[in-house]
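Fold and geometry: a report
Spelled out, the chains give:
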Amino acid sequence: MITLKDKLPPLGQLGPFIALLIACTIFGATTDRFLSADNFSLILQQVMVVGVIAIGQTLIILTAGIDLSCGMIMALGSIVMTKVAADFGLPPFLAVLAGIAVTTLFALLNGLLVTRLKLPPFIVTLGVFNIAFAITQLYSGAQTVTEVPGAMTWLGSTFAIGGTNIAHGTVLMVLLYLGVWFWLRETASGRHVYAVGNNPEATRLVGIPPERIILGVYALSGVFYGIASLLAVARTGVGDPNAGQTEALDAITAVVLGGTSLFGGRGVVLGSLIGAVVVGVLRNGLTLMGVSSVYQMLITGILVILAVTVDQLSRKGGR
């Protein structure tokens, strides 16, 4: 007999949504400007870069890995696509493809070092973070690229719905999340990602090569970092060599708050979108209240620790 409890989603999936509702209720009661369509649209524009990075980060964390280099890989991709367009006059489409190719190659390098040399993802991606940072600074000459073709900034432009301006990049972010959610939920290859995160040895015994799955996940994450590069360029209108230094932590925060387990094998990618929005709501609401950015970081850190603690306790309770 199926009960109401069986029909309800697990608490870990409901938690991010509940946290978002609580945050919106608190800020809506304390500031007049928070509960407006324009403000929510602004929040989504502010989180769309980290939100897309968090898709790739979610896939990697589902396999019990982690990527500390994602932000700098994104920054390198944005510099490559803007520099090749400005310096060599490449059509914007080809320049964007060049940037995505670079981010994919760097993410693939992470995957190769993790799967072939069996190096810890934490150390590998920390090293690649520094490599990507150095190459970004050297290639750009530590200078911001300002000659950006208009086609590259189109995703940062907006269209009106009911008097509210919505960025094209926000729509793209939501579509990417829906696509990845469907892939993970409804396809065999998507379920293999969960299987590898749950038990790689058992996955190997049933004929699914964990190394190939992990390598593919890292490469796919690089594609999302490249798309995030384009969104960063579209939002700022420049190629910024100093970008990407905090995006990795922001993306991991979004994934953890979204209910994906750092131990792999559990989580819903749509939760990462909610997690990114939760962080955006917190920062936006606290800013409207006049709270210092230092306290914003403090509150975000506490939330991350609480989310990991809940995940750890739920794993122990499930044994």
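Attention in this report is confined to the structure presented alongside it. (Residues numbered from 1 in each chain as written. Predicted model: local features only at pLDDT ≥ 70, side-chain atom pairs only at ≥ 80, totals over all residues. Heavy atoms only, no water.)

1. A short note on the packing of aromatic side chains
- Counting across every chain of the model gives two aromatic pairs.
- With 5.6 Å between their ring centres and 50 degrees between their planes, Phe 27 and Phe 34 make a pair best called tilted. We note that Phe 27, like Phe 34, is buried.
- Relative to Phe 40, the ring of Phe 34 lies with its centre 5.3 Å away and its plane at 70 degrees, an arrangement referred to as edge-to-face.
- The class of Phe 34 is buried, set by a relative accessible area of 0%.
- Through successive ring pairs, a cluster of aromatic residues spans Phe 27, Phe 34 and Phe 40. (Phe/Tyr/Trp six-rings, centres within 6.5 Å; stacked < 30°, edge-to-face > 60°. Buried < 20%, exposed > 50% of the residue type's maximum accessible area, 1.4 Å probe, protein only.)

2. Examining the pairing of strand E1 (residues 158-161)
- In terms of strand pairing, E1 meets strand E2 (residues 164-167) through four bridges, oriented antiparallel. Each residue of the ladder has a partner; that of Ala 160, found in E2, is Asn 165.
- With antiparallel pairing between neighbouring strands as the criterion, E1 and E2 make up a hairpin whose turn holds two residues, including Gly 162 at a positive phi of roughly 60 degrees. (Pairing = 2+ DSSP bridges. Helix = DSSP H or I, 4+ residues; strand = E, 2+ residues; numbered from the N terminus.)

3. What to know about the nonpolar core
- Counting 83 residues, the largest nonpolar core has Val 49, Val 52, Ile 53, Met 152, Leu 184, Phe 224 and Val 281 as the members making the most contacts within it.
- Leaving out residues up to four positions away in the same chain, Ile 53 has contacts with Cys 70, Met 74, Tyr 225, Ala 228, Glu 247 and Ala 251. (Core = buried A, V, L, I, M, F, W, Y, C linked by side-chain atoms within 4.5 Å. Contact = heavy atoms within 4.5 Å.)

4. Thoughts on the side chain of Ser 69
- Mapped onto the elements, Ser 69 comes out in the loop between helix H3 (37-62) and helix H4 (70-88).
- Under the relative-accessibility criterion, Ser 69 is labelled buried at 0%.
- Those residues in contact with Ser 69, other than ones at most four positions away along the chain, are Asn 110, Thr 125, Val 128 and Phe 129.

5. Some words on the pattern of salt bridges
- Scanning the entire structure with this criterion turns up six salt bridges.
- Note that Glu 186 is salt-bridged to Arg 185, the shortest N-O span being 3.3 Å.
- For Glu 211, the salt bridge identified is with Arg 204, shortest N-O distance 3.2 Å.
- Residues participating in the shared-partner salt-bridge network are Lys 118, Glu 201, Arg 204 and Glu 211. (Salt bridge = Lys/Arg side-chain N within 4 Å of Asp/Glu carboxyl O.)

6. Considering helix H5 (residues 92-115)
- In a regular helix each residue adds 1.5 Å, so 24 residues correspond to 34 Å; H5 covers 34 Å between its end C-alpha atoms and thus fits that length.
- If you check which residues of H5 are buried, you get Ala 95, Val 96, Gly 99, Ile 100, Thr 103, Phe 106, Ala 107, Asn 110, Gly 111, Val 114 and Thr 115.
- Lining the buried residues of H5 we find H4, helix H6 (121-140) and helix H10 (210-236). (Expected span 1.5 Å × (residues − 1).)

7. Looking at the packing of H5 against H10
- Two numbers describe how H5 lies on H10: the axes approach to 7 Å, and their chain directions differ by 150 degrees. The orientation of H5 with respect to H10, classified from their angle, is roughly antiparallel. Viewed along their axes, H5 and H10 form a crossing whose handedness is right-handed.
- Taken together, the residues of the contact of H5 with H10 sort by class into 14 nonpolar, nine polar and one charged. (Axes fitted to C-alpha atoms, helices over the stretch in contact; angles between N-to-C directions. Parallel < 35°, antiparallel > 145°, perpendicular 65-115°, else oblique. Left-handed = near helix turned anticlockwise from the far one by under 90°. Nonpolar A, V, L, I, M, F, W, Y, C, P; charged D, E, K, R; others polar.)

8. Focus on a nonpolar patch on the surface
- Taken together, Phe 88, Leu 90, Phe 93, Leu 94, Leu 97, Ile 131, Ile 135 and Tyr 139 make up a surface patch of nonpolar side chains, about 760 Å² in accessible area.
- Listing elements by their share of the nonpolar patch, those giving two or more residues are H5 and H6.
- Looking at the secondary structure, you find Phe 88 in helix H4.
- For Phe 88, a relative accessible area of 62% translates into the label exposed. (Patch = residues over 30% accessible without salt bridge, like charges linked within 9 Å, V, L, I, M, F, W, Y side chains within 5 Å. Areas by Shrake-Rupley, 256 points an atom, 1.4 Å probe, with all protein chains shown as cover.)

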